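Remarks on the overall topology
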Amino acid sequence: SCNRKFHPEDTIVDIAGKKIGGKHFQVIAGPCSVENEDQIIETAEAVKAAGATLLRGGAFKPRTSPYAFQGLHADGIELLLKAKKATGMPIVTEIMAIEHLDLFADVDLIQVGARNMQNFELLKALGHSDKPILLKRGLANTMEELLMSAEYIMAGGNNNVILCERGIRTFETKTRNTLDLAAVPLLSQMSHLPIVVDPSHATGIPTLVKPLSLAAIACGANALMIEVHNNPAKALSDGAQSLTPEQFRDVMDAVKKQAAFSGKE
Ligand code: PEP
Ligand code: MN
């Protein structure tokens, strides 16, 4: 169970040697979508140089419109593996259907996106895998529902679950979503699982990524997930919220100080 009552110690999830949980803190960065070899390698090298420790990139994209870019699918995962080889960074990418699981054999951390947080058959199947899972909170799901979805994975025997607060739908329209910062300390009181905050999807606004990253660390986040693109203006998805490598370096300077201040390593 993810309940802290039955397991008082913090769970630490090891992702190819990068630990998330307890005092272990990581920054996951990369583009929304993998687009081509130059884009993912250039972005990977830039985020690594700035201090990110895991590389993200979508290959199967849950787009609102079926006419929008859907991702490169298996080719996208191949390109991520090339970037992993080039940089040594573990990779994170989203799964949308359990039939694709074989393609994820060399993926280090499998993301379940907000739109699939309650795809219970997918969660059950991932519970029988031994891969670390990044479980994002649904667009309009409560903390209790997020924890129950984590239970679905853990009930199958997979305890390597990381929760992600990525913003929720509210009446506010200035930001893409509303970052529920209170969920970070509250989830960590209720559960021993590590918590990642995604300020990119939570706000949709590049200039909000730094202040909310710092606030997330102050609230006890065990990792951040930030969208970065080597050329956001040309991105095939979420360009408007993606940081340039230069903006990401500036965020990382502040993040490193805040993490050290908060006793993270
Ligand atoms: C993403 O990480 O690119 C993504 C689609 O996120 P979410 O599921 O939180 O919307
Ligand atoms: Mn995105």
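Let me sum up the structure you'll find in this document. Please read these numbers as outputs of a predicted model, since none were measured by experiment.

Points about the pairing of strand 5 (residues 91-94)
Burial along strand 5 is two-sided: the face carrying I91 and T93 and the face carrying V92 and E94 are both buried. Of the pairings in the sheet, the one linking strand 4 (residues 54-56) to strand 5 comprises two bridges and is parallel in character. Residue pairing in the sheet places L55 in a bridge with I91 of strand 5. What joins strand 4 to strand 5 is helix 2 (residues 74-87), and the crossover it makes is right-handed. Bridging between strand 5 and strand 6 (residues 109-112) involves three bridges; their strand directions are parallel. Bridge pairing links T93 to I110 in strand 6.

Details of the pairing of strand 8 (residues 161-165)
Along a regular strand, successive side chains alternate from one face of the sheet to the other. The element strand 8 is extensively covered by neighbouring structure, given that five of its five residues are classed as buried. Neither face of strand 8 is left uncovered, since the one carrying V161, L163 and E165 and the one carrying I162 and C164 both have all their residues buried. Sheet analysis places strand 7 (residues 133-136) next to strand 8, joined by four bridges and oriented parallel. For L135, the partnering residue across the bridge sits in strand 8 and is L163. Direction of pairing for strand 8 relative to strand 9 (residues 195-197): parallel, over a ladder of three bridges. Bridge assignment links L163 to a residue of strand 9, and that residue is I195. Handedness of the crossover joining strand 8 and strand 9 through helix 5 (residues 183-190): right-handed.

Overview of the nonpolar core
Generally speaking, a soluble globular protein has its nonpolar side chains buried in company with each other. Core analysis: the largest hydrophobic core is formed by 77 residues, its most contacted members being L135, I162, V196, A221, L224 and I226. Discounting residues that sit within four places of it in the chain, L135 has contacts with V112, M117, S149, A150, I153, V161, I162, L163 and C164.

Here we look at unusual backbone geometry
Phi at A16 takes a positive value of approximately 45°, unusual for a residue other than glycine. Structurally, A16 is set in the loop between strand 1 (13-15) and strand 2 (18-20). Phi is positive for H73, close to 55°, though the residue is something other than glycine. Secondary-structure assignment places H73 in the loop between strand 4 and helix 2. The exposure class of H73 is partly exposed, given the 15 C-beta atoms found within 10 Å.

As for the environment of A260
Structurally, the position occupied by A260 is in helix 8 (residues 245-261). Residues A260 and F25, spaced 235 residues apart in sequence, show a C-alpha to C-alpha distance of 9.8 Å.

Regarding the environment of L208
Looking at the element boundaries, L208 is found in the loop between helix 6 (199-203) and helix 7 (209-218). Among the residues examined, L208 registers 17 C-beta atoms within 10 Å and is labelled partly exposed. A sequence separation of 33 residues divides L208 from Q241, and the C-alpha atoms of the two residues are 9.4 Å apart.

Definitions and limits used
- Residues numbered from 1 in each chain as written.
- Chains lettered and ligands numbered in written order.
- Predicted model: local features only at pLDDT ≥ 70, side-chain atom pairs only at ≥ 80, totals over all residues.
- Buried ≥ 20, exposed ≤ 12 C-beta atoms within 10 Å, placed from the backbone.
- Helix = DSSP H or I, 4+ residues; strand = E, 2+ residues; numbered from the N terminus.
- Pairing = 2+ DSSP bridges.
- Right-handed = clockwise from strand over helix to strand, strands pointing away.
- Core = buried A, V, L, I, M, F, W, Y, C linked by C-beta atoms within 7 Å.
- Contact = placed C-beta atoms within 7 Å.

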